[in-house]
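Residue-level structural notes
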Amino acid sequence: MSLKAGIVGLPNVGKSTLFNAITKKNILAANYPFATIEPNVGVVFVPDKRLDFLKELYHPERVIPTTFEFTDIAGLVKGAHQGEGLGNKFLSHIREVDAIVEVVRCFDDANITHVSGETNPIRDIEIINVELILADLDIVLNRLGKIEKKADTTKEKDVVLERDTLRKAKDALEKNIPLRNLELTKDELQVIKNFNFLTLKPIIYAANVDEDTVAVGDNDYSLQVKEYAAKENNGVIVMCCKLEEDLSNLEEEEKKELLASVGVNNSGLDKLIFATYDLLGLATFFTAGTDECRAWTFHKGSKAPACAGIIHNDFEKGFIKAEVMSFDDLFLLKDEKKVKESGKLRIEGKEYIMKDGDICYFRFNV
């Protein structure tokens, strides 16, 4: 399952620095707008201590964590939806991702040029969000111009539904309401999804603070971002992108020492990865044995056959049943045999809804 999050923001807010930390790649991160022209794509492992436990228990030949793809998209500017700052090209890159991580500058630094002259996180957020709204509105208006007459004359059910749904989207966008905040029926949502609208994508804000702020947790700027995001029901991760980049170049023990020196226990990057994972409604199941221990990503609410199909299409087509034990039970008993003896190993059928932390063995016949 290939899942992508796009890192967006104004120029010089820390996007490429964050991307460097995520992928441990030294891409161009320069102190001027449009240092990033083509989207840089990197795959990051989702940290999971449960997989470490399975490794110690089974001593497998291979350990394969689940992954998440991040795309660093060049800095947007006001007027991007009309092509300003190569905006149309950048907006097209955002359409290809599943979720948006919007990096917001929450620090003052005279040595790093701000594209708008001074630090103002809410202004920066609204510049980006308005551009995404206007880009979606352009698509809505263009499509309505093509189908409204047909809907009025033919009364075809599908065409009328599309027209009415797009009118509903138009009204929301003109009121500066992102489509993700619009109440839609199942049929309306299906219509909307076909257009891959930018404002339909889930979003999380990464408040980029300086190292001094990391120790205390927030500054005035990041508090403003949290207040803004709360009104939208969106999440915020407060982090120092420069610190995360420094951490990415260190060994595990050195990371712990550096984090301790600035007064924090957990990496902001790990928090961002988990938050983005959760934002998309994702969870993890495992397959475990002496040959391989592996984490697999699935959408919450998925049934056992669909999850089996993530491993191989034949597993879903010929699904018979799944032998399932929870990670918590295995962690508590420290032995697969004891899990079975205690009656904690379950046989689940086609209607079983998978849970985060399930350890599975799928039986199938093709």
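In the block above lies the structure referred to throughout.
The structure contained in this document is the topic of the report that follows. Counting of residues starts from 1 at the beginning of each chain's written sequence and follows it residue by residue. At least 70 in pLDDT is required for a residue's local features to be given in this predicted model, at least 80 for side-chain atom pairs to be given and counted, and no such filter applies to totals for whole chains, interfaces and linings, which use all residues. Computation of side-chain values: all heavy atoms of the structure, hydrogens and water removed.

**Remarks on the nonpolar core**
Put simply, the rule is: We define the nonpolar core as a collection of buried residues of types Ala, Val, Leu, Ile, Met, Phe, Trp, Tyr and Cys that are connected through side-chain atoms lying within 4.5 Å of one another. Think of it in three bands: with a 1.4 Å probe and only protein chains considered, a residue is buried below 20% of the maximum accessible area for its type, exposed above 50%, and partly exposed in between. A run of DSSP states H or I qualifies as a helix once it reaches four residues; a run of E qualifies as a strand once it reaches two. Both are numbered from the N-terminal end. Here, two residues are considered to be in contact whenever any of their heavy atoms come within 4.5 Å of each other.
L18, F68, F70, I94 and Y205 are the most contacted members of the largest nonpolar core, which has 58 residues in total. For this core, the leading source of residues is helix α4 (residues 121-154), giving six residues. Not counting chain neighbours up to four residues away, the residues in contact with Y205 comprise E102, V104, I125, N129, V225, Y228, A229, E232, N234, G235, V236 and I237. Judged by nonpolar contacts, the second largest core, of 18 residues, contains L144, I147, L173 and L182.

**Concerning the packing of aromatic side chains**
Our working definition: Two aromatic rings from Phe, Tyr or Trp, using only the six-membered ring of Trp, form a pair when their centres are within 6.5 Å; if the ring planes differ by under 30 degrees the pair is stacked, by over 60 it is edge-to-face, and anything between is tilted.
One pass over the structure, following the stated rule, counts 13 aromatic pairs. Members of the aromatic cluster, each reached through a chain of ring pairs, are F285, W296, F298, F319 and F362.

**Observations concerning the sheet that holds strand β7 (residues 235-239)**
Our working definition: Think of it this way: DSSP has to see at least two bridges between two strands before they count as a pair. Helix axes use the C-alpha atoms of the stretch in contact, all axes being lines fitted to C-alpha atoms, and the angles between their N-to-C directions lie in the range 0 to 180 degrees.
The strand order across the open sheet formed by six strands is β2-β4-β1-β5-β6-β7, and the pairing between neighbours is mixed. Every other strand in the sheet has two partners, leaving β2 (40-45) and β7 as the edge strands with one partner each. Between one strand axis and the next, the sheet turns through 25° on average, direction left out of account. In the sheet, strand β1 (residues 4-8) pairs with strand β5 (residues 99-105) via four bridges, with the strands oriented parallel. Counted as the bridge partner of V8 is E102 from β5.

**Regarding the pairing of strand β6 (residues 203-208)**
The buried fraction of β6 amounts to six of the six residues, a majority that puts the element mostly inside the structure. The two faces of β6 match: I203, Y205 and A207 on one face and I204, A206 and N208 on the other face are all buried. One ladder, built from six bridges, connects β5 with β6; its direction is parallel. When the sheet's bridge partners are listed, V103 is paired in β6 with A206. Sheet topology note: the β6/β7 ladder contains five bridges and is parallel. Looking at β7, one finds that N208 is bridged to M239.

**Brief notes about the pairing of β5**
Along β5, seven of the seven residues are buried, which leaves the element largely enclosed by surrounding structure. The two faces of β5 match: A99, V101, V103 and R105 on one face and I100, E102 and V104 on the other face are all buried.

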